[in-house]
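Fold and geometry: a report
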4 protein chains.
Amino acid sequence: MLNRVILIGRLTKDPELRYTPAGVAVAQFTLAVDRPFSREQSSEREADFIPIVVWRQLAETCANYLRKGRLAAVEGRMQVRNYENNEGRRVYVTEVVADNVRFLESPNREGGASQGRDEFAGNSGNSGGGGYGGSSRSSGPRNSGNNNQDPFADDGKPIDISDDDLPF
Amino acid sequence: MLNRVILIGRLTKDPELRYTPAGVAVAQFTLAVDRPFSREQSSEREADFIPIVVWRQLAETCANYLRKGRLAAVEGRMQVRNYENNEGRRVYVTEVVADNVRFLESPNREGGASQGRDEFAGNSGNSGGGGYGGSSRSSGPRNSGNNNQDPFADDGKPIDISDDDLPF
Amino acid sequence: MLNRVILIGRLTKDPELRYTPAGVAVAQFTLAVDRPFSREQSSEREADFIPIVVWRQLAETCANYLRKGRLAAVEGRMQVRNYENNEGRRVYVTEVVADNVRFLESPNREGGASQGRDEFAGNSGNSGGGGYGGSSRSSGPRNSGNNNQDPFADDGKPIDISDDDLPF
Amino acid sequence: MLNRVILIGRLTKDPELRYTPAGVAVAQFTLAVDRPFSREQSSEREADFIPIVVWRQLAETCANYLRKGRLAAVEGRMQVRNYENNEGRRVYVTEVVADNVRFLESPNREGGASQGRDEFAGNSGNSGGGGYGGSSRSSGPRNSGNNNQDPFADDGKPIDISDDDLPF
DNA sequence: TTTT
DNA sequence: TTTT
């Protein structure tokens, strides 16, 4: 066993934060990772769209600081799940279970020239966004007290993630 | 863009070697990569089964030296392809396109104590298995002159790989 | 053999661009890579300072686009050189020979809100900074015609890099 | 911050196991990592010799199962320490601090055909060599009760590692 | 279903 | 559909 993936790309959407029945946080998002420039094919730029899963503290940090379009570095391992869909067919899902996510762009401050300290977050005690400084109306962490961020708001829809999927 | 994967695992089957219409070699195999030991779940050991694709020289080297059950290290990038299946549904396929494969076990020689030099093979000019020494009836490279290894033997079946998939 | 390093950090100085006697471009710079936050030690943030070497086209691209303080991702392999210093003592130098460098911050345009397309550059045919768009007086590529950038200006000082160090 | 190294190579010597004054286990060894084959230089094969450091449980597992000449995969981060030597000169030491080590060869059993299960060991609770099966006089774990393995036997010599070096 |  |  050795299974290590490192990706840099941009979020195609805001992360989705859920909670397992046992109350464990999970966030999911997709990273668009540009392929190396293939000179012959004059066609437009191509990318791989890679699903990322993060758990616990790191999930909440990602949900708070990452947004659609943002550049991020992700470190983790490849995981292939499979399940039977409602037509009785086996479906295979490949994702990267991240244990380290690095935010490569600080949200632009109000009228600002941007570029503060870049942030990282890991899942091994050193998470929490460590010293994230500038927060502002438009670009700071969301999710404090506004009800539409309530993770249980999605309870109506089935979640296909159980605690058994917990990788640690 | 940055997209790097490194895996160590065992082949679930012998590699399959094909050729594109333009004559470019492609090999495919699946690597069983043991997951990190999860102590709670007393259940049996788990693994991720990860599809690997290799092209050109490296494809032929892999087809010659790798076999079911063999341990290998694979370096490459994650790629997500998608196509429409015969029911008009879009299917997503995630694979690792390898540019470096390392053979971590030399095939056991006849009565041998095993463990010769370990082999690697890259796709950047340094491939070819560079100096692979011991070959023997049962464990050396196959594919020389025996017709059932003829890559065109599979021509009857459609190949879902076109030259457009060439990653370089 | 398998030897892969991936780093994200900031340049401690502008890159130094030299040329070997045979005319091959080499650039060197140091990356400050923050260590994972160690909670106990309340002391200030620590970093590892890691020497990077890049060759050929990629060297020139780095010299053109990277600057002190800029954030970059570097992919390559660890290399340990050793030489005898002028006191007859053997000195060991560890560096990362990069084959892929990604510029994680576009230089801020004049009064600009920054954040254009992020750039990457590889050493395998896909280099050249591929379509870098915005250049401006203060932040675009330097090195065109201004003499103090002449790589041979440093000829007086000995260069401890020979063509034998060429990794490809 | 992102700092990831993955190496495969052979130990140049048996690992050295020490203990810090506070009783924390540290093991050190050097990995010979073959460089990619450079076709032009007909000279002999070259390698990089890379110092590895491992802490705690993983240190003891390495000391027990790794030996000179054995093939191993190492995952960790690059670290650059520096200290003043006895001539008042600043010396820089680059090492890989490993958090995952994989034993790629099981020790050959007595008359055995070799190739048992391959072993790994991590530093995050899943260490301990998890289910290592076959042990024998000549190739099993050492260090049980034989005095010359006593870690404090080296106490006379100064150790240049303090608890401050603890990376977690 | 995709990002800049 | 999976390897040891």
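Residues numbered from 1 in each chain as written. Chains lettered and ligands numbered in written order. Predicted model: local features only at pLDDT ≥ 70, side-chain atom pairs only at ≥ 80, totals over all residues. Heavy atoms only, no water.

The test is simple: UniProt positions are given in the numbering used here, feature names are shortened, and annotations may be inferred rather than shown by experiment.
The name recorded for chain A in an unreviewed UniProt entry is Single-stranded DNA-binding protein, from Cohnella faecalis. Database annotation for chain A, UniProt heading Function (unreviewed entry): "Plays an important role in DNA replication, recombination and repair. Binds to ssDNA and to an array of partner proteins to recruit them to their sites of action during DNA metabolism." Under the UniProt heading Subunit (unreviewed entry), the entry covering chain A gives this text: "Homotetramer."

1. Here's the deal with the overall build of chain A
Heads up, the condition is: For helices the rule is a DSSP run of H or I covering at least 4 residues; for strands it is a run of E covering at least 2, with both sets numbered from the N terminus onward. Classification of residues uses two cut-offs on accessible area relative to the type maximum, computed with a 1.4 Å probe and protein chains only: under 20% is buried, over 50% is exposed, and between them is partly exposed. In this description, contact between two residues means that some pair of their heavy atoms is separated by no more than 4.5 Å. For every accessible area listed, the method is Shrake-Rupley and the probe measures 1.4 Å; residues are considered covered only by the protein chains on display.
Looking only at helices and strands, chain A features one helix and seven strands. Mapped in sequence order, the helices and strands of chain A form the string β-β-β-β-α-β-β-β. The burial tally for chain A puts 51% of its 168 residues in the buried class. If you take every contact in chain A between residues at least 6 apart in sequence, the share linking residues at least 24 apart comes to 62%. For chain A, the accessible area works out to roughly 7900 Å², and carbon and sulfur atoms hold 46% of it.

2. Description of the pattern of salt bridges
So the rule is basically this: The working definition used for a salt bridge is a side-chain nitrogen of Lys or Arg within 4 Å of a carboxyl oxygen of Asp or Glu.
Considering all chains together, one arrives at 45 salt bridges over all chains under this definition. A salt bridge links R89 of chain B to E87 of chain A; its shortest N-O distance comes to 2.9 Å. Residue R89 of chain B is located in the loop between strand 5 (71-84) and strand 6 (90-103), and its partner E87 of chain A is located in the loop between strand 5 (71-84) and strand 6 (90-103); the two belong to separate chains. The salt bridge involving R10 of chain D is made with E105 of chain D; its shortest N-O contact spans 3.2 Å.

3. Considering the relation of the copies chain B and chain A
Superposing the two chain copies requires a rotation about an axis and a translation along that axis. The condition that has to hold: Only residues with pLDDT of at least 70 in both copies contribute their C-alpha atoms to the least-squares superposition of the copies.
When chain B is fitted onto chain A, the two copies agree to an RMSD of 0.0 Å after a turn of 180 degrees and an axial shift of 0.0 Å. This pairing of chains is accounted for by a two-fold axis. Closest to the rotation axis within chain B is the C-alpha of V5 of chain B, separated from it by 2.2 Å. Of the interface residues in chain B, 100% have counterparts in chain A that sit at the interface too, so the contact is made through matching surfaces.

4. Some thoughts on the interface of chain B and chain A
Using the following cut-off: Once two parts are put together, the accessible area they lose, assessed with a 1.4 Å probe and summed over both, is termed the buried area. Nitrogen and oxygen atoms within 3.5 Å of one another constitute a polar contact, given that in protein one can donate a hydrogen and the other can accept it, and given that sequence-neighbouring residues count only through two side-chain atoms.
Contact with chain B, which involves 27 residues of that partner, is made by 27 residues of chain A. A buried area of about 2500 Å², summed over both sides, lies between chain B and chain A, and 53% of it is on carbon and sulfur atoms. When the buried surface of chain B facing chain A is broken down by residue, M1, L2 and M78 of chain B rank first, second and third, together holding 23% of it. Between the two partners, chain B and chain A, sit four salt bridges. Between D48 of chain B and R77 of chain A there is a salt bridge, with the nearest N and O atoms lying 3.5 Å from each other. Scanning the region where chain B abuts chain A turns up eight residue pairs in polar contact (both at pLDDT 80 or more). Looking at the side of chain B that touches chain A, the elements that each hand over two or more residues are strand 1 (2-11), strand 3 (25-34), strand 4 (47-55), strand 5 and strand 6 of chain B.

5. Brief notes about helix 1 (residues 56-65) of chain B
Within an α-helix, residues lying three or four positions from one another point in the same direction, as the helix has 3.6 residues per turn. Counting buried residues along helix 1 of chain B, seven of its ten residues qualify, which places the element largely inside the surrounding structure. Every buried residue of helix 1 of chain B is accounted for by L58, A59, T61, C62, A63, N64 and Y65 of chain B.

6. What to know about the packing of aromatic side chains
All names here are of chain A. Applicable threshold: Between the rings of Phe, Tyr and Trp (Trp by its six-membered ring), a pair exists once the centres lie within 6.5 Å; its type follows the angle of the planes, with under 30 degrees stacked, over 60 edge-to-face, and the other angles tilted.
According to the stated counting rule, one finds four aromatic pairs over all chains in the structure shown. On the basis of an interplanar angle of 35 degrees and a centroid distance of 6.1 Å, the ring pair of Y65 and F103 is categorised as tilted. Remark: F103 occurs in strand 6 and Y65 occurs in helix 1 (residues 56-65); sequence separation between them is 38 residues. Pair check on accessibility: Y65 and F103 agree, each one buried.

7. Regarding the pairing of strand 4 of chain B
All names here are of chain B. Stated precisely, the cut-off is as follows: For two strands to count as paired, DSSP must find a minimum of two bridges between them.
The buried fraction of strand 4 amounts to seven of the nine residues, a majority that puts the element mostly inside the structure. Of the pairings in the sheet, the one linking strand 3 to strand 4 comprises nine bridges and is antiparallel in character. Among the inter-strand pairings, A27 is bridged to a residue of strand 4, identified as V54. Relative to strand 6, strand 4 runs parallel, the two sharing two bridges. Considered in strand 6, the bridge of I52 is made with V96.

8. Some remarks on the environment of Y19 of chain C
Residue and element names in this part refer to chain C. With respect to the element layout, Y19 can be found in strand 2 (residues 16-19). Y19 gets classed as buried once you look at its relative accessible area, which sits at 14%. Sequence spacing of Y19 and R56 is 37 residues, and the spatial spacing of their C-alpha atoms is 9.1 Å. Of the polar contacts made by the side chain of Y19, one reaches the side chain of E60; its length is 2.5 Å.

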